[in-house]
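Listed here are the chains, written in short residue letters.
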Amino acid sequence: MPELPEVETVRRSLTGLIGQTLQRVEVPDGRLRYPVRLRQFEMALGQELSALRRFGKYLLLDFGEFSLLFHLGMTGRLLLTEPEASAYTKVVFRFSGATLCFIDVRRFAFVLTGGAATKALPQGGDALEVADRQALIARIRQSSAPIKSILLNQKIIAGIGNIYASEMLFAAGIAPQRKGKRISIAEAERLITAGEKVLRRAIDKKGSSISDFVYSLPGERAYSSGAYQKEFLVYNRAGEPCKKCGALIQKTVLSGRSTFSCKHCQK
Ligand SMILES: [Zn+2]
């Protein structure tokens, strides 16, 4: 599932669309998490794309005051390509100089517009640059949930999924099952700093492509993939030696999600 670094990579791959006019929208297959209707894009037609913003795992295409909000779900893609490139093309956005296709094999992705888009945005602050550290530390320390579940809670902090939660906790030396209320202020500070660093590095590497994450670059025919998966220290490394201490990485299940950690490095 695309997390913050992957969505940020997609955002950066599409910045060439800024300033282009949306001329036409086609909906070859409106079956997504929320059914897509042609008329929901009416307000954007004939308008210039003024900005591309990311918030948590969401991507916003702004046409002045009117925004399209995308969530990639499990396998959603936003690619600069032609609709024929995939049998799973759901929505086609014809800009003055390029075609943007919203593609999804599994139909968990969605696009919302107008008021529905505003309502869907997560309440938690963005994880890439925590704006209010003291507030986040307080939220963590009020919670009796495991720290890893807190990191995944988009109402508390937006953008982190299963991969980066494990990597951040390893980077901070904190065991994933520790309860929020047992985390010290110093540890929470360390976690926020380590977390931002992990996300920045992952963005530098264009995200992680473990299943099928790809993005397209303007003018390039082939899709590109991320490379951060080569730098995973714990995620998907169960039974392999920790790159820091040599102990074997363990896989546990926490709140139904696979969790990877080193017992020796994480307390
Ligand atoms: Zn270790």
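Below or above, wherever it landed, is the structure these notes cover. These numbers come from a predicted model, not from an experiment. (Residues numbered from 1 in each chain as written. Predicted model: local features only at pLDDT ≥ 70, side-chain atom pairs only at ≥ 80, totals over all residues.)

With respect to the sheet that holds strand S2 (residues 51-55)
Spelled out, the test is: For two strands to pair, DSSP has to find at least two bridges joining them. To qualify as a helix, a DSSP run of H or I must reach at least 4 residues; to qualify as a strand, a run of E must reach at least 2; elements of each kind are numbered from the N terminus. Lines fitted to the C-alpha atoms define the axes, with helices restricted to the stretch that makes contact. Angles between their N-to-C directions range from 0 to 180 degrees.
Pairing is antiparallel in the open sheet, where four strands are placed in the order S2-S3-S4-S8. Strand pairing shows two members of the sheet lacking a second neighbour, S2 and strand S8 (110-113), which therefore form its edges. The average undirected angle you get between the axes of adjacent strands in this sheet is 20 degrees. In this sheet, strand S3 (residues 58-63) lies alongside S2 in antiparallel orientation, the contact comprising five bridges.

Some remarks on helix H3 (residues 133-142)
Applicable threshold: For every residue, the other C-beta atoms within 10 Å of its own C-beta are counted; 20 or more classify it as buried, 12 or fewer as exposed, and values in between as partly exposed. C-beta atoms are placed from the backbone. The directions considered for the arc are those from the helix axis to the C-beta atoms. Working definition of a contact: two residues with C-beta atoms, positioned from the backbone, lying within 7 Å.
Considered for burial, the residues of H3 that qualify are Leu136, Ile137 and Ile140. On an axial view of H3, the arc spanned by its buried residues comes to 100 degrees, and they lie on one face. Facing away from the buried surface of H3 by more than 90 degrees, the exposed residues are Gln134, Ala135 and Gln142. Lining the buried residues of H3 we find strand S9 (125-126), helix H4 (147-152), strand S10 (157-158) and helix H6 (185-204).

A word on the pairing of strand S11 (residues 250-254)
Sheet analysis places S11 next to strand S12 (residues 257-261), joined by five bridges and oriented antiparallel. By the bridge assignment for S12, Leu254 is matched with Arg257. Between the end of S11 and the start of S12, which pair antiparallel, lie two residues, with Ser255 showing a positive phi angle near 45 degrees.

Structural notes on the packing of H3 against H6
Condition: Small angles under 35 degrees read as roughly parallel and large ones over 145 as roughly antiparallel, with 65 to 115 read as roughly perpendicular and the rest as oblique. In this scheme, a crossing is called left-handed if the near helix is turned counterclockwise away from the far one by less than a right angle; it is called right-handed if the turn is clockwise. All amino acids are sorted into three groups, where Ala, Val, Leu, Ile, Met, Phe, Trp, Tyr, Cys and Pro are nonpolar, Asp, Glu, Lys and Arg are charged, and the leftover types, Gly among them, are polar.
It is at 10 Å that the axes of H3 and H6 come closest, and there the two elements cross at 120 degrees. What the angle tells us is that H3 and H6 run oblique. Note that H3 runs across H6; the crossing there is right-handed. Within the contact between the two elements, H3 uses Arg133, Leu136, Ile137, Ile140 and Arg141 and H6 uses Ile185, Ala188, Glu189 and Ile192. Partitioning the contact of H3 with H6 into residue classes produces six nonpolar, no polar and three charged.

Looking at the environment of Ser50
Assignment of secondary structure puts Ser50 in the loop between strand S1 (22-26) and S2. Considered as a pair, Ser50 and Ile18 are 32 residues apart in the sequence and their alpha carbons are 5.7 Å apart.

Some remarks on unusual backbone geometry
Positioned with a positive phi, Lys206 is a non-glycine residue whose angle comes to about 65 degrees. By the element assignment, Lys206 lies in the loop between H6 and S11. Overall, the presence of 23 C-beta atoms within 10 Å leaves Lys206 in the buried class. Its identity is not glycine, yet Asn236 carries a phi of approximately 65 degrees, on the positive side. Following the sequence through the fold, Asn236 ends up in the loop between H6 and S11.

Observations regarding helix H1 (residues 4-13)
With eight of 10 residues buried, H1 lies mostly within the body of the structure. Considered for burial, the residues of H1 that qualify are Leu4, Pro5, Glu6, Val7, Glu8, Thr9, Val10 and Ser13. On its buried face, H1 is in contact with S2, S3, strand S5 (77-80), helix H5 (162-172) and H6.

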